[in-house]
Amino acid sequence: MLASYGHDRATLGQTARRTAASTRAGMSGQGLVEYALILAIIAVVAIGAMLYTGSRIAKSLTDAGSQIGAPGATAGPTASPAPTPKPKATPKPKKTPKP
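Cut-offs used in this document
- Residues numbered from 1 in each chain as written.
- Predicted model: local features only at pLDDT ≥ 70, side-chain atom pairs only at ≥ 80, totals over all residues.
- Heavy atoms only, no water.
- Helix = DSSP H or I, 4+ residues; strand = E, 2+ residues; numbered from the N terminus.
- Areas by Shrake-Rupley, 256 points an atom, 1.4 Å probe, with all protein chains shown as cover.
- Salt bridge = Lys/Arg side-chain N within 4 Å of Asp/Glu carboxyl O.
- Buried < 20%, exposed > 50% of the residue type's maximum accessible area, 1.4 Å probe, protein only.
- Patch = residues over 30% accessible without salt bridge, like charges linked within 9 Å, V, L, I, M, F, W, Y side chains within 5 Å.

Draft legend 1. Fine view of the overall build of the protein chain. A tally of regular secondary structure across the protein chain gives 1 helix and 0 strands. By element, 68% of the accessible surface of the protein chain is carried by carbon and sulfur atoms, the whole surface being about 9700 Å².

Draft legend 2. Focus on the pattern of salt bridges. Scanning the model with the defined rule gives 1 salt bridge in all. For the salt bridge of K59 with D63, the shortest nitrogen-to-oxygen distance reads 3.1 Å. In this pair, K59 and D63 are both assigned in helix α1 (residues 9-69), 4 residues apart and thus about one turn of the helix distant. Judged by its relative accessible area of 54%, K59 is exposed.

Draft legend 3. Representation of a nonpolar patch on the surface within the structure. Taken together, the side chains of Y35, I38 and I42 make up a nonpolar region of the molecular surface, amounting to roughly 360 Å² of accessible area. As for its position among the elements, I42 is in helix α1.

Here it is, written out as structure tokens:
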């Protein structure tokens, strides 16, 4: 079938190798640029999110800190003191039979 188109196997194989080599050479730089663009987009989104939420988080942490340090404020439910352990009973000495 290849002979009907005027190609032999060696020529077709060489053409395929040349095409693959030129495609790989052109795409290696393209992949690096794509990764750099993705990284830049992620960085911009992360910085934007931090700028947007940063002041809100700082305010809520400041409020929580002032609540903890305020006189009469409690940091949460008060815990009851731990129960005191019962003293262990000392074992009674065994009675030894008299000889």
